[in-house]
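Listed here are the chains, written in short residue letters.
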Amino acid sequence: RGFFSRRARGLVGGSAANGGRVVAYEFSGTERARGAVSPSSRYHVKKGGDKMGVILEEPKHKVLDPSPSLKTTVSNFTALDLLKAAAFTGAAVAVGYSTAPAGIKKQAVVTCATIGGTAGFFNAYQNSAGRLMGYFPNGQ
């Protein structure tokens, strides 16, 4: 068995439509030559398993919630998380206003504010979930 053996190479993060894990496979040259596999069959959905991506490192801090829900994660936002989200939004608004042509300034500002606000929320969410799962210091 060489590099292109049929064994699983490793997990690709994310969830599939049926709640399974996506596993990357490499097929042998003979299987490809026979037409047994198509280029789209490189990813196979494994039924069951985790609903989120697989984290390969161990938590370095106290774990408060190993799998926090949306409500738990958002309620764990700190003032610094909210300040960073506001900074993302403000910076995006400034970029949108300063780079847009005169005729579409309003649309550019609204679009950039939406993108910046979304980026700020995702950053705050990542930091909050990291604290709950023990990957970032949680202050406790």
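Residues numbered from 1 in each chain as written. Predicted model: local features only at pLDDT ≥ 70, side-chain atom pairs only at ≥ 80, totals over all residues. Heavy atoms only, no water.

Chemist: Even after reading the chapter, I still don't get helix α4 (residues 105-133), so can you show me in this structure?
Modeler: Note: α-helices contain 3.6 residues per turn, so residues at a spacing of three or four share the same orientation. With 29 residues, α4 should reach 42 Å at 1.5 Å per residue; the first-to-last C-alpha distance of 41 Å fits that figure. Within the sequence span of α4, burial applies to Ala-108, Gly-116, Gly-120, Ala-124, Asn-127, Ser-128, Ala-129, Gly-130, Arg-131, Leu-132 and Met-133. Buried residues along α4 sit in contact with α2 (70-75) and α3 (79-99). Positioned one or two residues after α4, Gly-134 has a phi angle of 90°, which is positive. (Helix = DSSP H or I, 4+ residues; strand = E, 2+ residues; numbered from the N terminus. Expected span 1.5 Å × (residues − 1). Buried < 20%, exposed > 50% of the residue type's maximum accessible area, 1.4 Å probe, protein only. Contact = heavy atoms within 4.5 Å.)

Chemist: Even after reading the chapter, I still don't get the side chain of Arg-131, so can you show me in this structure?
Modeler: Here Arg-131 shows up in helix α4. On the accessibility criterion, Arg-131 (12% relative accessible area) is buried. At 2.5 Å, the side chain of Arg-131 forms a polar contact with the side chain of Asp-81. Setting aside anything within four residues of it in sequence, one finds Arg-131 in contact with Lys-62, Asn-76, Phe-77, Thr-78, Asp-81, Phe-136, Pro-137 and Asn-138. (Polar contact = N/O pair within 3.5 Å; in protein donor to acceptor, adjacent residues only side chain to side chain.)

Chemist: In this structure, what is going on with the packing of aromatic side chains? I would like to understand it.
Modeler: Note on aromatic pairs: each is described by the distance of the centres and the angle between the planes. Enumeration according to the criterion identifies 3 aromatic pairs in this entry. Seen from their ring centres, Phe-121 and Phe-122 are 6.1 Å apart, and the 55° between their planes marks the pair as tilted. Overall, Phe-121 belongs to the partly exposed group, its relative accessible area being 33%. Residue Phe-122 is classed as exposed on the basis of its relative accessible area, which comes to 54%. Plain terms: the ring middles of Phe-121 and Tyr-125 are 6.0 Å apart, the flat faces sit at 40° to each other, and that makes the pair tilted. Linking Phe-121 with Tyr-125, this pair stays in helix α4, spanning 4 residues, or about one helical turn. (Phe/Tyr/Trp six-rings, centres within 6.5 Å; stacked < 30°, edge-to-face > 60°.)

Keep in mind these values describe shape, not function.
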